[in-house]
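Tertiary structure, described
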Amino acid sequence: MRYMTESEIDALGPDPALADVAPLERARRAMQRAGCWGDNQQMGGRWPIGCVALEITQRCNLDCTLCYLSEHSEAVKDVPLDEVFRRIDLICRHYGPNTDVQITGGDPTLRRRDELVAIVRRVRERGLRPTLMTNGRKATRELLEELAAAGLVDVAFHVDTTQGLKGYRNEVDLNALRSVYLDRAQGLPLSVMFNTTVHDGNVDAIPDLVRFFRANAGRLRTASFQVQAATGRGVHEKKTAITLDAVAGQIERGAGTPINFRSSMIGHPRCSRYGLCFEVNGRLYDALDESEFVARLQSATAHLVLDRGDRRKVAKEFFAWLAVNPRHWASVLEWTAAKAWRMKADLTAARGRINTLSFLIHGFMDACALERERIEACVFKTMTRDGPISMCLHNAKRDSFILQSVRVHTSAGERFWQPLTGALGIRPDAPSALASEEYGLKRAKGRTRWRLIDQRAR
Ligand code: SF4
C-alpha cells in the first residue's frame, strides 16, 4: 500500500464547486474511478455524499483518549454565526437538498444555545437534514425538544470507554448511560444513533453492546462503530489491527444472525460497511441478505427521496413507486413472502410489529497513512472555509483549517475574524504568521493544551 507523502497531503485542498457537473454525477464518477461503482453502491446512485460535518465549535467538555481534535482546538474561538450560515449554503451548493449535515465540534452543545438552535433551523430551512453529534452531557431533554422543534432530524450520542467516565468500568456499564439518553429522546420526532469508537480495549464487548441495541431497537435507528485511528490529539499508543470485517463479525455475534455487509455499499469498501436488520420480538433478521435482489431494487428506486425519519412515509413512497412498476412485483412479493415465512413465529408473538436497526462501521485512516484513492472517493466530508474536504484529510492537517482567518462583513466594511482571539482585523493574516509568544500551554483535562496567553495577565 502506498500512502500519501507529506507534500502530497499539503498540496491537496478542499474540493472546488463544479457548476457543470451535477453532484450525483460527480459522486458516480468518483466511485467509478475508485473501482467501487455498481448497482449495490448507494453513492452516486441515491446520494451524492454520505454526510458533511459542520464543526460549529472546537471546544469539548470531554477528553476522549482517541479524540480527533487537535492540541490547538481548546484555544480556538467559536467560528462566527454568519460564517456557519455561509458554510451551510456551501453544503447546499455542493450536494443539493436532503444532504445529511452532522452538526458537530467539539461538542456542539457548548455553543451558545440560541446559536445552536439557529444553526439547526438554518440547515433545515435549506432543505438539508441536520443531525446533532453529541456526547450527550449537555443534551438535555429541553434542548432536544427545542432542537426538534427547529427541525433536527437525528441525534447521535457518542458513548464509549474512550471517554473515561467515572463510575463506568466497561462498555456494558455504559449501557446505563445509553438508557438515560434513550429516555431523553423518547417520544421526540428524532431518530437516535449511538456512536462507539472501537479500540483494542472494547472490541470484545461489541457483541454485548449489540445485544443492548437489539433490546432497544424500537428506540434507536442506527448503531455506528468507528475503528480507532491515529489522528488528532488522542493517545495512540500503537496502531490497531482491528479490521472492518472483524467488527462486522463481532456485530453478527451480538445480533445472533449473519448480516450481509456487502449488499449495500456506502462509498469505498475500505472505508465503510453497512448492514440493516429487522427486529421482531427481540430477534434480528438480516434485511439485505439477498445481494442481487437488494442491488436491483436499490438501483431501480435510487431516484426516490425517502424520509428515513418517517417509516410510514417511506413505505407510502415505496408502494406508490411499486404500484407503477409491475415488473418488480414478482420479486418483491417473493422476497416479502420468504422473509415473512422465516419470521413467522416472532411476527405472531410481536403481533406484526417490526423495527429496523442499521449498523454502520467506519474506518478512518491514520494521519500518516492516507490513501489517495480513498480520499478521492470520500463520502464523509468536513465543510471548511473554502469548501468540503475528506474528513480523514481534514483531521490529518486540522490546524491548517481551524486556524484560518474568516472574512466577515461588518457595518465598517470587510473584516477578518481571527480564530485565536476572536478579534476582527483588517488583514487576513495567516495564523501561522502569528508570533509564537501569542501562544501558551495550559494543563486542561489532564493533558497539555495550547491556548492563548491571557494578554491582560502579562
Ligand atoms: S472520511 Fe476517510 S474513511 Fe471516511 S469515507 Fe472519507 S476517506 Fe473514507
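Note that this is a predicted model, so its numbers are computed, not measured.

Let's shift gears to empty space enclosed by the protein. Here the structure, examined in full by the defined rule, presents 2 cavities of 30 Å³ or more. The calculated volume of the largest cavity comes to roughly 210 Å³. Lining the largest cavity are 20 residues, with Gln58, Val79, Arg87, Phe401 and Ile402 positioned closest to its centre. The dominant element in the lining of the largest cavity, judged by the number of residues it contributes, is strand 10 (residues 380–384), at 3 residues. Residues of the lining of the largest cavity, tallied by class, amount to 9 nonpolar, 6 polar and 5 charged. Of the pockets and cavities examined, the second largest cavity occupies roughly 80 Å³. In terms of lining, the second largest cavity is formed by Cys271, His362, Gly363, Phe364, Met365, Arg374, Cys378, Val379, Phe380, Ser390, Met391 and Cys392. Those elements giving two or more residues to the lining of the second largest cavity turn out to be strand 9 (355–363) and helix 14 (391–396). Tallied by class, the residues present in the lining of the second largest cavity amount to 8 nonpolar, 3 polar and 1 charged.

Around the ligand sit Cys271, His362, Gly363, Phe364, Met365, Arg374, Cys378, Val379, Phe380, Ser390, Met391 and Cys392, and those are all the residues in its vicinity. Listing elements by their share of the shell around the ligand, those giving two or more residues are strand 9 and helix 14.

A few words on helix 6 (residues 175–185). If you check which residues of helix 6 are buried, you get Asn175, Leu177, Arg178, Tyr181, Leu182 and Ala185. Relative to the axis of helix 6, the buried residues are bounded by an arc of 155° and lie together on one face. At its buried positions, helix 6 is contacted by helix 5 (141–150), strand 4 (154–158), strand 5 (191–198) and helix 7 (206–215).

Moving on: the packing of helix 9 (residues 291–300) against helix 11 (residues 329–342). Contact geometry for helix 9 and helix 11: axes closest at 11 Å, N-to-C directions at 130°. As the angle between them shows, helix 9 and helix 11 are arranged oblique. When you trace helix 9 past helix 11, the crossing you get is left-handed. Of the residues in helix 11, those in contact with Phe293, Arg296 and Leu297 of helix 9 are Ser331, Val332 and Trp335. For the contact of helix 9 with helix 11, the per-class residue count stands at 4 nonpolar, 1 polar and 1 charged.

Let us look at the sheet that holds strand 14 (residues 424–425). Read across the sheet, 3 strands follow the order 12-13-14 without closing on themselves; strand pairing throughout is antiparallel. The two strands at the open ends of the sheet, each matched to only one other strand, are strand 12 (406–410) and strand 14. Of the pairings in the sheet, the one linking strand 13 (residues 413–417) to strand 14 comprises 2 bridges and is antiparallel in character. Note on strand 14: the bridge partner recorded for phenylalanine 416 is glycine 425.

Taken N-terminus to C-terminus, the directions of helix 4 (residues 113–125) and helix 5 make an angle of 30°; their axes are 8 Å apart at the nearest point. In this view, helix 4 runs roughly parallel relative to helix 5, as classed from their interaxial angle. Handedness of the crossing formed by helix 4 with helix 5: right-handed. When helix 4 is examined against helix 5, the residues Arg113, Leu116, Val117, Val120, Arg121 and Arg124 are found in contact with a partner set consisting of Glu142, Leu143, Glu146, Leu147 and Ala150.

Let us look at the side chain of serine 263. Positionally, serine 263 belongs in the loop between helix 8 (244–255) and strand 7 (272–280). When sequence neighbours within four positions are dropped, the list of residues in contact with serine 263 reads Asn40, Leu288, Glu290, Ser291 and Val294.

Our focus in this paragraph is the pairing of strand 10. For strand 10, the buried fraction is high: 5 of the 5 residues fall into the buried class. Going residue by residue along strand 10, you find Phe380, Thr382 and Thr384 tucked away on one face and Lys381 and Met383 tucked away on the opposite face as well. Bridge count between strand 1 (residues 51–55) and strand 10: 3 bridges; the pairing is parallel. Its bridge partner being in strand 10, alanine 53 is matched across the sheet by threonine 382. Summarising the sheet, strand 10 and strand 11 (residues 387–390) pair through 4 bridges and their orientation is antiparallel. The partner of lysine 381 across the bridge, within strand 11, is serine 390. Between strand 10 and strand 11, which pair antiparallel and follow one another directly, the connecting turn spans 2 residues.

Conventions we followed
- Residues numbered from 1 in each chain as written.
- Predicted model: local features only at pLDDT ≥ 70, side-chain atom pairs only at ≥ 80, totals over all residues.
- Heavy atoms only, no water.
- 1 Å grid on protein atoms, 1.4 Å probe; cavity = no way out; pocket = protein on both sides within 12 Å on 5 of 7 lines; lining within 4 Å.
- Points joined across faces, edges and corners; volume = space filled by probe spheres on them.
- Helix = DSSP H or I, 4+ residues; strand = E, 2+ residues; numbered from the N terminus.
- Nonpolar A, V, L, I, M, F, W, Y, C, P; charged D, E, K, R; others polar.
- Near = heavy atom within 4 Å.
- Buried < 20%, exposed > 50% of the residue type's maximum accessible area, 1.4 Å probe, protein only.
- Arc of directions from axis to C-beta.
- Contact = heavy atoms within 4.5 Å.
- Axes fitted to C-alpha atoms, helices over the stretch in contact; angles between N-to-C directions.
- Parallel < 35°, antiparallel > 145°, perpendicular 65-115°, else oblique.
- Left-handed = near helix turned anticlockwise from the far one by under 90°.
- Pairing = 2+ DSSP bridges.

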